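Spelled out, the chains give:
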Amino acid sequence: MKKKSALLIVDIQNDFCPNGSLAVPEGDAIIPVLNKYIKIFSSGKLPVFASRDWHPKKTTHFKEFGGPWPAHCVQDSHGARFHPVLRLPESAIILSKGMDPEADSYSAFQAVDAKGNEFADLLKKFSIKELFVGGLAADYCVRWTVLDALKFGSRVTLLMDAIKGVNLREKDSEAAVEEMVSLGAKKITIEKLSRMFAGERG
Ligand SMILES: [Zn+2]
């Protein structure tokens, strides 16, 4: 794994996990695997980004105000918190999106850090050339983020054992993965990455 790689964990929030208001089926099952990826990146002193939905109470993103989704990830609510099993390092950079009450923001490229820096600018600042992406949901925020990353010119590797989809229509996730791969994303699993990492060290 090269110095110019970073990990991006997409939307591992209570509302997207079982018992949440917009739960991805078995969404929490990928968290232990994500924690392993986090360990590898942290120990390699590589940046770890974590995006989150961070909505105002009133937004056209929610059904109640004409949008597609039940209310979820409202700023400072329990549902918006990262899932308690997720082990983010202190150095993790939190990216918030969806604050605009009149827009759906699915991509981390529409997110900003605590200081208002856009994700694309942070990638430039850290000279990141390759993003490893996992999280929720494969067919929405992961998909949109990966498509934007490829457009931005970054290499993208999908964490195949650490993504899960909503699957409003059966096979949405499968189709999303096929689309991302056809546009240039690569696939990896934790076993493969661990081997790569061990090889580089040894
Ligand atoms: Zn949302």
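Our subject is the structure that appears above.
Presented here is a report on the structure given in the accompanying data block. It should be emphasised that the depicted structure is a prediction, and the values quoted were computed from it without experimental measurement.

**Quick look at the environment of His61**
So, step 1. For His61, the position within the fold is in the loop between strand S2 (48-53) and strand S3 (93-97).
So, step 2. Residue classification places His61 among the buried positions, given a relative accessible area of 2%.
So, step 3. With near-sequence residues (within four places) excluded, His61 lies in contact with Asp53, His55, Gly67, Pro68, Trp69, His72, Ala103, Asp104 and Tyr106.
So, step 4. A distance of 3.2 Å separates a polar atom in the side chain of His61 from a polar atom in the side chain of His72.
So, step 5. A polar side-chain atom of His61 sits 2.5 Å from a polar atom in the side chain of Asp104.

**Describing the pattern of salt bridges**
Two side chains bearing opposite charge may form a pair once their charged atoms approach each other closely.
So, step 1. Under the criterion given, the structure shown has eight salt bridges.
So, step 2. In this structure, Asp121 engages Lys124 in a salt bridge whose closest nitrogen and oxygen atoms are separated by 3.7 Å. Taken as a pair, Asp121 and Lys124 lie in helix H2 (residues 119-125) at a separation of three residues, close to a single helical turn.
So, step 3. On the basis of relative accessible area, Asp121 is assigned to the partly exposed category, the value being 42%.
So, step 4. With relative accessibility at 54%, the residue Lys124 sits in the exposed group.
So, step 5. For Arg155, the salt bridge goes to Glu130, with nearest N and O atoms at 3.6 Å. Of the two residues, Arg155 is situated in strand S5 (residues 155-164) and Glu130 in strand S4 (residues 130-136); the sequence distance between them amounts to 25 residues.
So, step 6. One connected set of salt bridges, linked through shared partners, spans Asp11, Asp53 and Lys97.

**Observations concerning the pairing of S3**
So, step 1. For S3, the buried fraction is high: four of the five residues fall into the buried class.
So, step 2. Relative to S3, S2 runs parallel, the two sharing five bridges. Counted as the bridge partner of Ala50 is Ile94 from S3.

**Points about the coordination of the zinc ion**
So, step 1. Protein-derived coordination of the zinc ion comes from Asp53 (OD), His55 (NE2), His61 (NE2) and His72 (NE2), at a distance range of 2.1 to 2.2 Å.
So, step 2. Considering all four donor atoms around the zinc ion, angles at the metal cover 90 to 167° and the coordination shape is irregular.
So, step 3. All donors of the zinc ion belong to a single chain; written as a sequence motif, their spacing is D-x1-H-x5-H-x10-H.
So, step 4. Since its relative accessible area comes to 2%, Asp53 is described here as buried.

**Details of the pairing of S5**
So, step 1. As defined by bridge partners, S4 adjoins S5 across six bridges and the pair is classed as parallel. Directly across from Gly135, in S5, lies its bridge partner Ile163.
So, step 2. Taking the sense of rotation as the criterion, the β-α-β connection linking S4, helix H3 (residues 141-152) and S5 turns out right-handed.
So, step 3. Alignment of S5 against strand S6 (residues 186-188), held across three bridges, turns out to be parallel. Note that in S6 the partner of Thr157 across the bridge is Lys186.
So, step 4. Taking the sense of rotation as the criterion, the β-α-β connection linking S5, helix H4 (residues 172-182) and S6 turns out right-handed.

How each quantity is defined
Residues numbered from 1 in each chain as written. Predicted model: local features only at pLDDT ≥ 70, side-chain atom pairs only at ≥ 80, totals over all residues. Heavy atoms only, no water. Helix = DSSP H or I, 4+ residues; strand = E, 2+ residues; numbered from the N terminus. Buried < 20%, exposed > 50% of the residue type's maximum accessible area, 1.4 Å probe, protein only. Contact = heavy atoms within 4.5 Å. Polar contact = N/O pair within 3.5 Å; in protein donor to acceptor, adjacent residues only side chain to side chain. Salt bridge = Lys/Arg side-chain N within 4 Å of Asp/Glu carboxyl O. Pairing = 2+ DSSP bridges. Donors = N, O, S within 2.8 Å, 3.2 Å for Na, K, Ca; no water. Tetrahedral: all angles 85-135°; square planar, octahedral: opposite > 155°, others 65-115°. Right-handed = clockwise from strand over helix to strand, strands pointing away.

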